[in-house]
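Residues per chain are reported as follows:
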Amino acid sequence: MSQPPLMPKATAVWLVENTSLTFEQIAEFCKLHPLEVRGIADGEVAAGIKGLDPITSGQLTREELERAAKNPSHHLKLAERRVKVPEMKKSKGPRYTPVSKRQDRPNAILWLLRNHPELKDAQIIRLIGTTKSTIAQIRDRTHWNAQTLSPIDPVSLGLCSQIDLDFEVGRAAKDRPAAIAEIGSTLLPAEETTAPAPALNQTFADMGKPKRQEEEAIDVDSVFSKLKQLKRPAEEDEED
């Protein structure tokens, strides 16, 4: 599908006033409805619009215009541009925030820092169009309005969509399993932490056994020695 000329209504006004082209030819070239072109000719449409010459603007050649004037079934074609202008790529900068909602950004930043601490500063900047210094001030509670800030969901404030928020949270969550796995590798497995420790109890039991046996042996010897001491005086008395 061919593109319309620049300022199609102004071009149609000039073609109606300065050529003998049919309404259908003008309507097709300017991407307008034939009744709208008829309204331009009757003065009912585009009354205050000044005509734009498509020849001087480089959108139509004089030969193409004469060829269409001689043949009512001829379709006008835009002239090729002599200089090709490359298309400008949109840079992915910070999100634009309307002036009326900029005062809500600190509350949204505080909400994100509390509910999604895994988000990086660059992700918060993409979501609500703030600056890194503002995020640092709110995180450190050094913001000029830190005492009156209250965490509010940026989606409810209209600063970002729920789809964008979920996308950034999901992207930040990709880095979390690796960190958890590294921490978990230094911990003991659950089988070892939840299983009973019979070996430990047995060790304490074995440590107590020699002492008890020694105490029993000492008690027996002392008892027999006392008995022997008691028997000796009795035997001496009998001999006397």
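Residues numbered from 1 in each chain as written. Predicted model: local features only at pLDDT ≥ 70, side-chain atom pairs only at ≥ 80, totals over all residues. Heavy atoms only, no water.

1. Some words on the overall build of the protein
- Tallying secondary structure elements over the protein gives twelve helices and zero strands in all.
- The order of α-helices and β-strands along the protein, N terminus first, is α-α-α-α-α-α-α-α-α-α-α-α.
- A total of 240 residues make up the protein; the buried ones form 26% of that total.
- A sequence separation of at least 24 residues applies to 63% of the contacts in the protein between residues at least 6 apart.
- Accessible area of the protein: about 18,100 Å², with a carbon and sulfur share of 55%. (Helix = DSSP H or I, 4+ residues; strand = E, 2+ residues; numbered from the N terminus. Buried < 20%, exposed > 50% of the residue type's maximum accessible area, 1.4 Å probe, protein only. Contact = heavy atoms within 4.5 Å. Areas by Shrake-Rupley, 256 points an atom, 1.4 Å probe, with all protein chains shown as cover.)

2. Things to note about the pattern of salt bridges
- In the structure shown here, the tally under the stated rule is four salt bridges.
- Note that Glu36 is salt-bridged to Lys9, the shortest N-O span being 3.4 Å. A residue pair is termed long-range when its members are at least 10 positions apart, and Glu36 in helix 3 (residues 34-42) and Lys9 in helix 1 (residues 8-18) qualify at 27 residues.
- Since its relative accessible area comes to 23%, Glu36 is described here as partly exposed. (Salt bridge = Lys/Arg side-chain N within 4 Å of Asp/Glu carboxyl O.)

3. As for unusual backbone geometry
- Unlike most non-glycine residues, Lys31 shows phi in positive territory, near 55°.
- Note that Lys31 resides in the loop between helix 2 (23-30) and helix 3.
- Here Lys31 falls in the partly exposed class, since its relative accessible area comes to 32%.
- Positive phi, normally seen in glycine, also occurs at Arg141, with a value near 60°.

4. Considerations on the nonpolar core
- Within the largest apolar cluster, 20 residues are counted, with the highest numbers of intra-cluster contacts made by Ile109, Leu112, Leu119, Ile124, Leu127, Ile128 and Leu165.
- Breaking this core down by element, the ones donating at least two residues are helix 5 (105-115), helix 6 (121-128), helix 7 (132-139) and helix 9 (162-173).
- Per-element accounting of this core gives the leading share, six residues, to helix 5.
- Those residues in contact with Ile109 that sit more than four places away from it in its chain are Ile124, Ile128, Thr130, Thr134, Ile135 and Ile138. (Core = buried A, V, L, I, M, F, W, Y, C linked by side-chain atoms within 4.5 Å.)

5. Considerations on the environment of Ala172
- Structurally, Ala172 is set in helix 9.
- Its relative accessible area of 7% is what places Ala172 among the buried residues.
- For the pair Ala172 and Glu118, spaced 54 residues apart in sequence, the C-alpha separation works out to 6.1 Å.
- Setting aside anything within four residues of it in sequence, one finds Ala172 in contact with Glu118, Leu119 and Gln123.

6. With respect to the environment of Leu119
- Following the sequence through the fold, Leu119 ends up in the loop between helix 5 and helix 6.
- Residues Leu119 and Glu168 lie 49 residues apart in sequence; the distance between their C-alpha atoms is 7.4 Å.
- Setting aside residues up to four positions removed in sequence, Leu119 forms contacts with Leu112, Ile124, Leu127, Glu168, Val169 and Ala172.

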